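# Overview (structure and organization)
Each chain, letter by letter, is given below.
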Amino acid sequence: MTSRAAALVLGLVVAHLLLRVALGLGNEAPDLFLLAVLLGSRHLTPRSGAVLGFAVGLLEDAFSVSSFGATIFALTMLGAAGAQSRYFFVGKSMPFLVSYLALGKWLRDLLSWLVSDPATRRAFGDYLLFESPLLALYTSVVGTVIALLVLKGSGRA
Amino acid sequence: MAGLSGSGNEGSRSQLLGAVGVVLLSLVTVYLPSAPQQAIAHVVRQSVLMPFTELHAFLAGMRARARDFDILRAQMDSAMGFVAAHATLAEENRQLREILLLGQRQSVRYLPTSIMRTGTSGTGSVFRVAAGTGQGVGPFNAVVTDHGLLGQVQQVQTDYALAIDWSHPEFRVSAMTSDGENHGIIEPVRGRFREQDRLVLSGVDFLAELEPGTEVLTSGRGGAFPRGVRIGWVAGVSETLAGWSRSYYVTPSVYPGAVTHAAITLPVATDSVDSVTPEAPADPGAQGPP
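Below: a short report on this structure. (Residues numbered from 1 in each chain as written. Chains lettered and ligands numbered in written order. Predicted model: local features only at pLDDT ≥ 70, side-chain atom pairs only at ≥ 80, totals over all residues. Heavy atoms only, no water.)

### Thoughts on the packing of helix 1 (residues 3-22) of chain A against helix 3 (residues 50-65) of chain B
Between two packed helices, both the angle of their axes relative to each other and the distance between the axes serve to describe the pair. Interhelical geometry of helix 1 of chain A versus helix 3 of chain B gives an angle of 40 degrees and a closest axis separation of 9 Å. When the interaxial angle is binned, helix 1 of chain A and helix 3 of chain B end up oblique. Read as a crossing pair, helix 1 of chain A and helix 3 of chain B show a hand that is right-handed. Counted together, V14, L17, L18, V21 and A22 of chain A of helix 1 of chain A and F52, T53, L55, H56 and L59 of chain B of helix 3 of chain B form the full contact between these two elements. (Axes fitted to C-alpha atoms, helices over the stretch in contact; angles between N-to-C directions. Helix = DSSP H or I, 4+ residues; strand = E, 2+ residues; numbered from the N terminus. Parallel < 35°, antiparallel > 145°, perpendicular 65-115°, else oblique. Left-handed = near helix turned anticlockwise from the far one by under 90°. Contact = heavy atoms within 4.5 Å.)

Have a look at this one:
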């Protein structure tokens, strides 16, 4: 991982904590933890990507009462998959980056929904077919702008 | 596989096995018993996340201090007027209870505290209160505001606790109408969007027809919630089981997202000295209910 990519991951994690924990913003703030995992894992091996996802997921789940571990699992899977994806997609193009981040966000919501407590999770259709795609679009736009600004010239998104 | 630092099949296999191992470990965290999960989460909250929770508390305190002084003064005047008008009520109530050979009501004391909500995923109906076992808070204590019932404490640590508000799917409270005639169970019903979440009073007698606007209070059954805390008002019929019972939608008296300060109800023994000792706020900036 380049120093620029490492700084990006750290910056996204801190910014997410500032927005969502310190300021208490909800979905108004983009899912910067997810962007940290998706963008950071592209510069890591699958094992390190999974570890990054695990660590970030642990921070996210620290305040969860009834579905502890759901985000840890989702981000670990995405960290490993994101690192593996670099062997198949070089990922310098804008269409790839947008679809990679949007699909990553939707998969993150799907994976955490699958392993979360059935008694407390929301209806599949409303959450994963309506709300989640909108959030995925929002996250991918923000992530693409950040990646283009910070990782320009690094060779990988 | 190109791109790995230790290129070759051995390196890639080792990487994949390592990744699978971490994924399996993450699955283990999902299915751990509640106690280890709480312990892990507590360590994270008290280490990495501590500066951010402290910053949140600081900002909440600043916002509270910036509130309009005139509004707070008006609220205090209203409370003083209420107390003055009901000064003799407690004594009359005691005498009537003696005449009717009724026992004393369970005493409750209020512990003012500040509320913190994070925007992290999976915490939509969860909030943190700045008081824990050190201040006498225990699991299942009620959290109330001056408008009514907010939620219930779930996980308690030494100096803070995690609680759920009424919109959490696991929230339940036994309820009654303000005249004490009709009883039932209040539970949340999720809307398609979080803004559409509302409460339903179920199990009400079929023959009892509640008018919209009827006030609904906690009944105190089960002992988790003190009796007489406002929950909301009947909004309309939700469901009718012919000949058996009716369910009603209830408009909540408290909207959780707007609450920054609340009070935790702590049951005390009737003859305890605590019942006459004023409680120090857990948070200096906290404002309790009247």
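Structure's up, so let's keep going.
### Considering the packing of helix 2 (residues 32-41) of chain A against helix 6 (residues 124-150) of chain A
Residues and elements named next belong to chain A. Between helix 2 and helix 6, the shortest axis-to-axis distance is 10 Å and the interhelical angle comes to 55 degrees. If you check the angle between helix 2 and helix 6, you find them oblique. When the axes of helix 2 and helix 6 are compared, the crossing they make is right-handed. Only T139, V142, G143, I146 and A147 of helix 6 make contact with helix 2, whose side of the interface consists of L32, L34, L35 and L39. Of the residues assigned to the contact of helix 2 with helix 6, the class counts are seven nonpolar, two polar and no charged. (Nonpolar A, V, L, I, M, F, W, Y, C, P; charged D, E, K, R; others polar.)

### Quick notes on the pairing of strand 6 (residues 173-177) of chain B
Residues and elements named next belong to chain B. Of all five residues in strand 6, five are buried; the element is thus mostly enclosed. Every second residue of strand 6 is oriented toward a common face, with V173, A175 and T177 on one face and S174 and M176 on the other, all of them buried. In this structure, strand 6 lies alongside strand 7 (residues 183-189), joined through four bridges in antiparallel fashion. Counted as the bridge partner of M176 is H183 from strand 7. Once strand 6 ends, the chain turns through five residues before running back antiparallel as strand 7, passing G180 with a positive phi of about 75 degrees. Across three bridges, the pairing between strand 6 and strand 9 (residues 215-218) is antiparallel. (Buried < 20%, exposed > 50% of the residue type's maximum accessible area, 1.4 Å probe, protein only. Pairing = 2+ DSSP bridges.)

### A short note on the sheet that holds strand 3 (residues 142-145) of chain B
Residues and elements named next belong to chain B. Spatially, the six strands close up into a barrel ordered 1-2-5-4-3-12, and their pairing is antiparallel. The sheet shows a mean angle of 45 degrees between the axes of neighbouring strands, direction not considered. When strand 3 meets strand 12 (residues 261-268), the two strands line up antiparallel, connected through two bridges. Within the sheet, the bridge partner assigned to V144 lies in strand 12 and is A263.

Read these as spatial facts, not as claims about activity.
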